[in-house]
Amino acid sequence: MSTVTVRIPTPLRSFTDGADEIRVEGTTVDDVLKALGTAHAGLLERVMSPRGELRNFVNVYLGSDNVRSLDGLATPVADNDVVSIVPAVAGGAGKAKDRRLAKIKSSIPEITPVQAVELQHEGAAVLDVREADEISQGSPVGAYRLGRAYLELRIEDTVPDMDRTILVMCSGGVRSLFAADAIKQLGYRDVRSVIGGFSRWKNDGQPFEVPRVLDADARERYSRHLLMPEIGEAGQLKLIDSKVLLLGAGGLGSPAAFYLAAAGVGTLGLVDDDIVDRSNLQRQILHTDARIGTPKVASARATLEALNPAVKVIEHQTRLDSSNVEEIFSGFDVIVDGSDNFPTRYLVNDACVKLGIPNVHGAVYRFEGQISVFWPAYEKRRGPCYRCLYPEPPPAEMAPSCAEAGVLGILPGVVGLLEAVEAIKILLGIGEPLVGKMLYYDALRAHFTELKLEPDPECPYCSEGAQFPGYVDYEELCAVSNA
Amino acid sequence: MRTLSLPEDARAELATMVREGYPLETCGLLVGRQANGQVEVQTVVQSRNINRERAEDRYELDPHDFLVTDKRARADGLEIVGVWHSHPDHPARPSETDRVAAWEGWSYVIISVTRDGVADLRSWRLDSEQFVEEQIQLCPR
Ligand SMILES: [Zn+2]
Ligand SMILES: [Zn+2]
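Residues numbered from 1 in each chain as written. Chains lettered and ligands numbered in written order. Predicted model: local features only at pLDDT ≥ 70, side-chain atom pairs only at ≥ 80, totals over all residues. Heavy atoms only, no water.

**Details of the sheet that holds strand 8 (residues 130-139) of chain B**
All names here are of chain B. Note the threshold: Any two strands are treated as partners once DSSP identifies two or more bridges connecting them. In DSSP terms, a helix is any run of H or I states spanning at least four residues, a strand is any run of E spanning at least two, and both are numbered starting from the N terminus. Only C-alpha atoms enter the line fits that serve as axes; for helices the fit covers just the stretch in contact. Angles between N-to-C directions range over 0 to 180 degrees. Contact definition: two residues touch when any of their heavy atoms are within 4.5 Å.
Taken together, seven strands build a closed barrel; the order of strands is 1-3-2-5-6-7-8 and the barrel is mixed. Neighbour to neighbour, the strand axes of the sheet diverge by 35° on average, direction disregarded. Bridging between strand 5 (residues 79-88) and strand 6 (residues 107-114) involves seven bridges; their strand directions are parallel. Following the sheet pairing, His-87 is matched in strand 6 by Ser-112. Sheet strands in contact with helix 1 (residues 8-21) are strand 1 (3-7), strand 3 (38-47), strand 5, strand 6, strand 7 (117-127) and strand 8, and its direction is about 80° off that of strand 1.

**Let's talk about the interface of chain A and chain B**
Inclusion rule: For this document, the term salt bridge refers to a Lys or Arg side-chain nitrogen within 4 Å of an Asp or Glu carboxyl oxygen. We define a polar contact as two N or O atoms separated by no more than 3.5 Å, with the added condition that, inside protein, one atom must be a possible hydrogen donor and the other a possible acceptor, whereas residues neighbouring each other in sequence contribute only through side-chain atom pairs. Any residue outside Ala, Val, Leu, Ile, Met, Phe, Trp, Tyr, Cys, Pro, Asp, Glu, Lys and Arg is labelled polar, Gly included; the first ten of those are nonpolar and the last four are charged.
Facing the 31 residues of chain A at the interface are 32 residues of chain B. In this assembly, chain A and chain B are joined by three salt bridges. One salt bridge in this structure joins A:Arg13 and B:Glu79, with 2.7 Å as the shortest N-O distance. Run the count over chain A and chain B and you get 10 residue pairs in polar contact (both at pLDDT 80 or more). Of all the secondary structure elements, the ones that give two or more residues to the side of chain A that touches chain B are strand 3 (58-62), strand 5 (82-87), strand 6 (90-92) and helix 3 (96-105) of chain A. The element that contributes the greatest number of residues to the side of chain A that touches chain B is helix 3 of chain A, accounting for five residues. Its residues assigned to classes, the side of chain A that touches chain B shows 14 nonpolar, eight polar and nine charged. Relative to strand 4 (residues 58-60) of chain B, strand 6 of chain A runs antiparallel, the two being bridged by three bridges.

**Brief notes about the packing of aromatic side chains**
Residues and elements named next belong to chain A. Selection rule: Under the pairing criterion, centres of Phe, Tyr and Trp rings, with the six-membered ring standing for Trp, must be within 6.5 Å; the plane angle then separates stacked pairs below 30 degrees from edge-to-face pairs above 60, leaving the rest tilted. Residue burial is assigned from relative accessible area. The probe radius is 1.4 Å, only protein chains are included, and a residue is buried under 20% of its type maximum, exposed over 50%, and partly exposed in between. We count a charge as sitting over a ring when the NZ of a lysine or the CZ of an arginine lies within 6 Å of the ring centre and within 35 degrees of the ring normal.
Under the definition given, this model contains 12 aromatic pairs over all chains. Ring centres of Tyr-346 and Tyr-386 lie 5.3 Å apart, and the angle between their planes is 70°; this geometry places the pair in the edge-to-face category. Within this pair, whereas Tyr-346 is found in helix 15 (residues 342-355), its partner Tyr-386 is found in helix 16 (residues 386-389), the two being separated by 40 residues in sequence. Both residues of the pair, Tyr-346 and Tyr-386, belong to the buried class. Each member of the aromatic cluster is reached from another via a ring pair, and the members are Tyr-346, Phe-374, Tyr-386, Tyr-390 and Tyr-474. In this arrangement the basic side chain of Arg-130 is found over the ring face of Phe-198, its NZ or CZ atom lying 4.4 Å from the centre. Geometry around Phe-342 places Arg-345 over its ring, the cationic atom sitting 5.7 Å from the centre.

**A closer look at the coordination of the zinc ion (ligand 2)**
Residues and elements named next belong to chain A. Just so we agree on the cut-off: Coordinating N, O and S atoms are those within 2.8 Å of the metal (3.2 Å for Na, K and Ca), and as water is not part of the atoms, a site may appear to have fewer donors than expected. Tetrahedral means four donors with every angle between 85 and 135 degrees, whereas square planar (four donors) and octahedral (six donors) require angles over 155 degrees between opposite donors and between 65 and 115 for all others; sites fitting neither are termed irregular.
Surrounding the zinc ion (ligand 2) are the protein donor atoms Cys-385 (SG), Cys-388 (SG), Cys-459 (SG) and Cys-462 (SG), at 2.1 to 2.3 Å. Classification of the site at the zinc ion (ligand 2) rests on its four donor atoms, whose angles at the metal span 91 to 124°, yielding the label tetrahedral. Of note, the zinc ion (ligand 2) draws all its donor residues from one chain, in the sequence arrangement C-x2-C-x70-C-x2-C. For the pair shown, Cys-459 and Cys-462 are each scored as buried.

**Some words on the pairing of strand 8 of chain B**
All names here are of chain B. Pairing geometry for strand 1 and strand 8, over five bridges, is parallel. Across the sheet, Pro-7 pairs through a bridge with Cys-139, a residue of strand 8. As paired elements, strand 7 and strand 8 share five bridges and run antiparallel to each other. Counterpart to Ser-123 in the pairing with strand 8 is Glu-134.

**Here we look at the packing of helix 11 (residues 232-241) of chain A against helix 18 (residues 411-428) of chain A**
All names here are of chain A. Stated formally: We call two directions roughly parallel when the angle between them is under 35 degrees, roughly antiparallel when it is over 145, roughly perpendicular when it lies between 65 and 115, and oblique otherwise. Crossing handedness is read from the near helix: turned anticlockwise from the far helix by less than a right angle, it gives a left-handed crossing, and turned clockwise, a right-handed one.
Contact geometry of helix 11 with helix 18 gives a least axis separation of 9 Å together with a crossing angle of 110°. Between helix 11 and helix 18, the angle falls in the class roughly perpendicular. In this structure, helix 11 meets helix 18 at a crossing whose hand is right-handed. The residues of helix 18 that touch helix 11, namely those facing Gly-235, Lys-238 and Leu-239, are Ile-424, Leu-427 and Leu-428. Taken together, the residues of the contact of helix 11 with helix 18 sort by class into four nonpolar, one polar and one charged.

**Some remarks on helix 1 of chain B**
All names here are of chain B. Applicable threshold: A helix's residues, less one, multiplied by 1.5 Å, set its expected span.
End to end, helix 1 covers 20 Å across 14 residues, agreeing with the expected 20 Å (1.5 Å per residue, within 8%). Here helix 1 has its buried residues at Ala-10, Leu-14, Ala-15, Met-17, Val-18 and Gly-21. Buried residues along helix 1 sit in contact with strand 1, strand 3, strand 5, strand 6 and strand 7.

**Observations regarding the nonpolar core**
Residues and elements named next belong to chain A. The condition is simple: Within this scheme, the nonpolar core is defined by two criteria: the residues are buried Ala, Val, Leu, Ile, Met, Phe, Trp, Tyr or Cys, and they are joined through side-chain atoms within 4.5 Å.
By size, the foremost hydrophobic cluster in this structure holds 42 residues, and its most contacted members are Val-6, Leu-33 and Ile-85. Every residue in contact with Leu-33, bar those within four places of it in the chain, is listed here: Leu-44, Val-47, Met-48, Leu-54, Val-60, Leu-73 and Ile-85. Within the second largest apolar cluster, 41 residues are counted, among which are Ala-300, Val-336, Ala-423 and Val-435.

**Observations concerning the side chain of A:Thr267**
Residues and elements named next belong to chain A. Inspection of the secondary structure puts Thr-267 in strand 15 (residues 267-271). Judged by its relative accessible area of 9%, Thr-267 is buried. The residues touching Thr-267, leaving out its near neighbours within four places in the chain, are Ser-242, Lys-243, Val-244, Lys-312, Ile-314 and Phe-332.

**Observations concerning the confidence of the model for chain B**
Residue and element names in this part refer to chain B. As a reminder of what qualifies: Residue-level confidence of the predictor, termed pLDDT, takes values from 0 up to 100.
Put simply, chain B has an average pLDDT of 89, and 100% of its residues get 70 or more. Here strand 4 stands out as the element of chain B with the lowest mean pLDDT, 81, in contrast to strand 1, whose mean of 94 is the highest. Under the prediction, the complex receives an ipTM of 0.88, its pTM being 0.54.

**Quick word on the pairing of strand 11 (residues 166-169) of chain A**
All names here are of chain A. What counts, and what does not: With strands facing away from the observer, any crossover in which the path from the first strand over the helix to the second runs clockwise is taken as right-handed.
Of the two faces of strand 11, both are covered, the one formed by Ile-166 and Val-168 as well as the one formed by Leu-167 and Met-169. Both strand 8 (residues 125-128) and strand 11 contribute to a ladder of four bridges, which runs parallel. Each residue of the ladder has a partner; that of Leu-127, found in strand 11, is Val-168. In this view, the connection linking strand 11 to its parallel neighbour strand 12 (residues 191-194) by way of helix 7 (residues 175-186) has right-handed handedness.

**As for the pattern of salt bridges**
Following the criterion strictly, the structure yields 36 salt bridges over all chains and no others. Of the charged contacts in the structure, one is a salt bridge between B:Glu40 and B:Arg33, with a shortest N-O distance of 3.5 Å. Through salt bridges with shared partners, a single network forms among A:Arg7, A:Asp20, A:Glu21, B:Asp70 and B:Arg74.

Have a look at this one:
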């Protein structure tokens, strides 16, 4: 048994009545510490765990050696040895996240929701970077909801002006700082973060709305659209709200309707009085062999609903004429003309001009096709209507002999899909629609040609100030379809 | 409010050490006396940070340095009265990491340092698991 001196560090002196040294007896360090614990209740627990091991926030030294590098607690002690209890001294500036945040805060100004609304009125863009499920609970009025995941990839399409002030908002004001920093690094000059995020925005009574969002099923189905900034959630919702009327569920209408349904256009109207014939199946892909003899609109509907049950299909098993054209067209955003006869083509044109609806035109003949958008009301460019180009149908003796013309089965697929693309562009308001242009496709040469089309300033239907001359029910010139 | 008196030259010494250590955390001990809620710092000592992997946001003082400082302090009739460390690019407030590792009975001086030098210097004391700020009195030597 040896008598040793134990050095007590300041933080543990509350257990020794302030004494900085205690003399105790023992043979090993373990004995010494336990003797110390017996003499001064509470001290041992701070140094040793209940399992009798040294706690890792203290070190015990024998002389100038850490007992961990000797025999640990079993290290023998000699008379007049000095045993020191050395508290671990540690800490840090907090998590890496906190350090990063502190750094970001020094470069990103923070503003209150009230200030954000003021700046928004002055032209600043409010960016809501929360997830879709959070946004579904509410989001500032007029905010851009870009999400966080693709923010850097999408921001330039939403806010092309690097000098425009950007106010970033999340739910509590932390994520928005990180997002603001990322945006700033892209080159935006004035990026600020909204303190307290949406929870404070709401508490402070600033204006918000509960935006419509896609459900989980739609989110999955249209995920490839959502990845594109030109469409995104807002664009997809626009498509879902859109109504496209297809004239004909035949060669052109089949591929167009099929893809428009897949793309999520919410309402598709089909006008066709025909029934499915075996000779249609060479190109009219909405129909099936089993449905030969049944109405085309019903057959088309079955196929479209099987592909996308969310699409509403409106059947018009009828022939378009002057008495029903306006009633059928009303409420539709875009008409896709896949009709195969002149009387219908003129009715479609005249009704579209009168109602201001864009008319996506397509036609096919053997190995050639053509596509255009007749939309005199288009704001960005003045193009012609169909009558500007062909004021009247050709006389009966000059009409093509459709029955003998024939068409490559795949060709209406190409042209119908180009029509569908134009329809989608118009619905989303993206790109350049084929207004004032006619695109010709020559399949044998694999060649596209684009021709400029001029409006007729004297056109009785679409010219400035023209009084609508009325619908004309032309005589059927050719009874057999070429599409 | 408790007070911690700090000689002006010791403060200047701290400023130099944390600036030279930037962007890494620097740490050390406060040597002096304490009684009746008053802490009187006499000297500040720098110690090695043995946390090498995360030296930019963690410190762990070399226990051997502690022992040496303690021995020297005792010889001068003083004691270790606290710990100082820097928070590079971070406020001079104790982090959760600091709180968990802190001991009652010591003062914790935290120096916020940026590329441009010392931004803030404050002292804290643990009281029933919570840090309470103490007033720093700068005194000429
Ligand atoms: Zn710290
Ligand atoms: Zn016209």
